[in-house]
Amino acid sequence: MTLSHEEQYQKSWQERQEFAENMQPIIGRLYRNKGIEVVVYGRPLVNATTIEIIKAHKSVERFEGQKLRLRECFPVLEAISKMDLAPGRIDIAKLAYSFIYKNDDKSLQLQDYLNRELVSLLNHEDTVKSTDVVLYGFGRIGRLLARLMLERSGPSAKLRLRAIVVRGGKKGDLEKRASLLRRDSIHGPFNGSITVDEENQGIKANGTFIKVIYASSPEAVDYTQYGINDALVVDNTGIWKDDKALSIHFKSKGSSKVLLTAPAKGDVANIVYGVNEHMILPEHKIVSAASCTTNAITPVLKALHDEYGIRNGHVETVHSYTNDQNLIDNYHSADRRGRAAPLNMVLTSTGAASAVAKALPELKGKLTGNAIRVPTANVSMAILSLNLDKATDRDELNNFLQRTSLFSELQDQIDYTSSTEIVSSDLVGSRYAGVVDSQATIVDGDRCVLYVWYDNEFGYSTQVIRVMNEMAGIKYPTLPVNR
């Protein structure tokens, strides 16, 4: 019996759902038991729903011009699950696509191919030690960092969220902190279970106990009394910004290193992961993760400078309003920022353009910058107006940026979209530092204008997690190696 078009489509959809459902437990076990994170062209699949797994595979066609079916990818995942592998990040779609469509040796068996491509993970022990993490401050970035760590909690997790430090301690404070972690107006509900432990003054989330410490200053905290030692303290307050001021955290017994989630002043290294994380040395005790805007634009600028050279340029950021602004007109020490953030576009300054030079010294003095705060709660855009050292055209530049987003060392930082309909709300939850909007690209000889979206909360927090891993010495390979 010949199936109708509708019946064929339904059968195909049911097949994809079944393969995605069969993938879920394998992906979960690989992460929990072996520390292997499974991705599809950079899209993480750990804790992904069946629909998210299907959508991730669908994106392959957009990049390769050819479909990769879940039934083609499933055998790769199944074979990997039976291998003795050390922790790492494995892109099963790139492995499957290369084996099926780019492999010239048709006699090569799948297992032999995987043994060759994953050789750096074969029969190696995991010698990386876990690191205790304390979040000093539990605002927008602090809670998103907590979410990111908790979604990867379990025996294989190396960043262990042990405590948060906040001011307060009034009756009901613990429940309010838990509630803010549980529900978020922008990023939605927490993916898991959260309960309050009043007796032990903590929050239990996805099997992790997080001690809530109330203190007005780091000097008042002794982490060791809670079993926390050699901790990486992530300062989300922005109160202390230079080496001397941030050293106050070392007055807390049990602290070892400090990461600032804001641009630093003085001699503190401002790190944009993917660009200059090599500057983090074991002896570095204090590091900054720079700003959300610096993280969004620096990877794209590095890629362009390496390929075309940048003579000079201007960066204009269209940025969602932040906590620093007022909801209604009121006094503010900075120009214009006292006006109601939800009602106005507010012209202000940004240090992101000059801060790029701290991560990418080749561009020192070549960029200017300004910012417009706009009445949206999250997701921002950077407009890069650049003069290049050599001429190009729109298609060539876009093709280069798409390849960079897929097959370069910046693949985790730069995403690429060719949608003609994408708007800011579509980028909420993006795990990339920046997303190139190729449809808006303008090129005229050696001049170009690029539009780069970024989730200034979630995308930045993902970059912070990467810097945390680097500071803790937690570094696993991403395979297959780009060729």
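Residues numbered from 1 in each chain as written. Predicted model: local features only at pLDDT ≥ 70, side-chain atom pairs only at ≥ 80, totals over all residues. Heavy atoms only, no water.

## Overview of the packing of aromatic side chains
Using the criterion set out here, one finds seven aromatic pairs in the structure. Aromatic pair Phe 19 and Phe 74: ring centres 5.6 Å apart, planes at 55°, arrangement tilted. On the criterion of sequence distance, the pair formed by Phe 19 in helix H1 (residues 5-34) and Phe 74 in helix H3 (residues 70-81) is long-range, its members being 55 residues apart. For Phe 19, a relative accessible area of 21% corresponds to the partly exposed category. Overall, the relative accessible area of 12% leaves Phe 74 in the buried class. Consider the rings of Tyr 97 and Tyr 101, whose centres lie 4.9 Å apart with planes at 45°: the pair is tilted. On the criterion of helical spacing, the pair formed by Tyr 97 and Tyr 101 is a turn pair, its members being four residues apart in helix H4 (residues 92-102). Of the residues examined, Tyr 97 reaches a relative accessible area of 5% and is grouped as buried. Through a chain of ring-to-ring contacts, three or more aromatic side chains come together here, namely Tyr 41, Phe 63 and Phe 407. (Phe/Tyr/Trp six-rings, centres within 6.5 Å; stacked < 30°, edge-to-face > 60°. Helix = DSSP H or I, 4+ residues; strand = E, 2+ residues; numbered from the N terminus. Buried < 20%, exposed > 50% of the residue type's maximum accessible area, 1.4 Å probe, protein only.)

## Quick look at the pattern of salt bridges
Throughout the structure, instances matching the rule amount to 22 salt bridges. Residue Arg 116 pairs with Glu 117 through a salt bridge whose shortest N-O separation is 3.1 Å. Classification of Arg 116 by relative accessible area gives partly exposed; the value is 48%. Judged by relative accessible area, Glu 117 falls into the buried class, the value being 7%. One salt bridge connects Arg 160 with Asp 132, and the closest N-O pair in it is separated by 3.0 Å. With Arg 160 in strand E5 (residues 159-166) and Asp 132 in strand E4 (residues 131-136), this pair connects stretches of sequence that are 28 residues apart. Here the salt bridges do not stand alone but share partners, grouping Glu 37, Arg 89, Glu 151, Arg 152, Asp 412 and Arg 431 into one network. (Salt bridge = Lys/Arg side-chain N within 4 Å of Asp/Glu carboxyl O.)

Function-wise, these values are silent; they only describe arrangement.
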